[in-house]
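Okay, here's what each chain looks like letter by letter:
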Amino acid sequence: MKDRLHTLTDAELLQEISLDNAEAYGLLYNRYFEELYKHVYSKVGNEEETRDIVHEIFLKLWKKRGKYTNVKNIKGYLFMITRNYILDLIAHHKVIQKYYDSFMGSVGLTESADFRIQEQEINRALDEAIASLPDKMREVFELSRKEYLSYKEIAERMNISEKTVKTQISNALKVLRKKMHPFFHFFLF
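None of these values were measured; they are calculated from a predicted model.

**Describing the overall build of the protein chain**
For the protein chain, the count of helices and strands is nine helices and zero strands. Along its sequence from the N terminus, the protein chain presents helices and strands in the succession α-α-α-α-α-α-α-α-α. Considering the protein chain as a whole, with its 189 residues, one finds that 33% of them fall into the buried category. A fraction of 53% describes how many contacts in the protein chain between residues 6 or more apart in sequence connect residues 24 or more apart.

**Concerning the nonpolar core**
By size, the foremost hydrophobic cluster in this structure holds 26 residues, and its most contacted members are Leu13, Leu14, Leu28, Phe58, Leu61, Ile74 and Leu78. Looking at this core, the elements with two or more residues in it are helix 2 (10-18), helix 3 (22-44), helix 4 (47-63) and helix 5 (74-106). A total of nine residues in this core trace back to one element, the largest contributor, which is helix 3. Dropping the residues within four chain positions of it, Ile74 is found in contact with Asp10, Leu14, Leu28, Tyr32 and Leu61.

**Looking at the packing of aromatic side chains**
For any two aromatic rings, the description comes down to two numbers: the centre-to-centre distance and the angle of the planes. If you walk through the whole model with that rule in mind, you get six aromatic pairs. Judged by centre distance (6.2 Å) and plane angle (10°), the rings of Tyr37 and Tyr41 are stacked. In this pair, Tyr37 and Tyr41 both sit in helix 3, four residues apart, roughly one turn of the helix. Residue classification places Tyr37 among the buried residues on the basis of a relative accessible area of 18%. Clustering of aromatic rings is evident, with ring pairs tying together Tyr25, Tyr29, Phe33, Tyr37, Tyr41, Phe58 and Trp62. Its guanidinium or amino end placed over the ring of Tyr151, Arg51 lies 5.9 Å from that ring's centre, counting from NZ or CZ.

**Things to note about unusual backbone geometry**
Residue Asp20 is not a glycine yet carries a positive backbone phi of 70°. In this fold, Asp20 is placed in the loop between helix 2 and helix 3.

**What about the pattern of salt bridges?**
Applying the stated criterion across every chain, the model contains seven salt bridges. Note that Arg31 and Asp10 form a salt bridge whose closest N and O atoms lie 2.6 Å from each other. Pair noted here: Arg31 is in helix 3 and Asp10 is in helix 2, with a separation of 21 residues, a long-range link. One salt bridge in this structure joins Lys166 and Asp52, with 3.7 Å as the shortest N-O distance. One end of the pair, Lys166, is in helix 9 (residues 162-179); the other, Asp52, is in helix 4, with 114 residues separating them in the sequence. For Asp52, a relative accessible area of 24% gives the class partly exposed.

**Regarding the side chain of Ser18**
Relative to the assigned elements, Ser18 resides in helix 2. At 2.6 Å, the side chain of Ser18 and the backbone oxygen of Gln15 are in polar contact.

Basis of the calculations
Residues numbered from 1 in each chain as written. Predicted model: local features only at pLDDT ≥ 70, side-chain atom pairs only at ≥ 80, totals over all residues. Heavy atoms only, no water. Helix = DSSP H or I, 4+ residues; strand = E, 2+ residues; numbered from the N terminus. Buried < 20%, exposed > 50% of the residue type's maximum accessible area, 1.4 Å probe, protein only. Contact = heavy atoms within 4.5 Å. Core = buried A, V, L, I, M, F, W, Y, C linked by side-chain atoms within 4.5 Å. Phe/Tyr/Trp six-rings, centres within 6.5 Å; stacked < 30°, edge-to-face > 60°. Lys NZ or Arg CZ within 6 Å of the ring centre and 35° of its normal. Salt bridge = Lys/Arg side-chain N within 4 Å of Asp/Glu carboxyl O. Polar contact = N/O pair within 3.5 Å; in protein donor to acceptor, adjacent residues only side chain to side chain.

Laid out in structure tokens, this is it:
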């Protein structure tokens with residue numbers, strides 16, 4: 001079966017994927033991951049965010065696999081999904097920045113002593129929230145966000161899987177978002 005899959009065109013692989021063939025999905029993923037990664041990285045400039053975006057693109061493809069049976073140019077389609085995802089991300093960041101700017105203007109905060117005091121309060125609250133995380137989760141989070149290690153480097157250092165690292169960071173961010181909710185307009189986690 002695997003040998004047969006390697007000879008299939010992209011359109012034929014997509015047809016197999018629509019029939020829940022995970023091996024065909026893996027093959028398509030391997031065919032286009034690197035090319036999409038390079039494209040997204042050229043727009044985003046951050047390895048971890050790039051990896052997450054490309055994984056999201058392929059996850060979307062898998063989740064909606066039954067809807068793409070008429071797509072003839074999968075490469076073009078993947079790049080179109082990627083472009084739309086990046087545009088949505090940019091629009092989201094603009095909305096957050098606009099809200100942040102509006103908030104800062106409405107409360108009259110500037111680069112003053114008041115602002116620095118609030119910044120110190122936020123940093124203290126964030127440090128406390130991070131310190132309250134379970135030990136392993138905190139360690140994974142700090143290796144990622146303070147030492148800037150990749151998921152792979154963290155996995156190797158802690159002798160755990162990259163998937164576990166990703167799950168721990170995701171869970172840590174959820175906890176921190178809840179704990180930092182009063183300050184959420186200051187963060188772009």
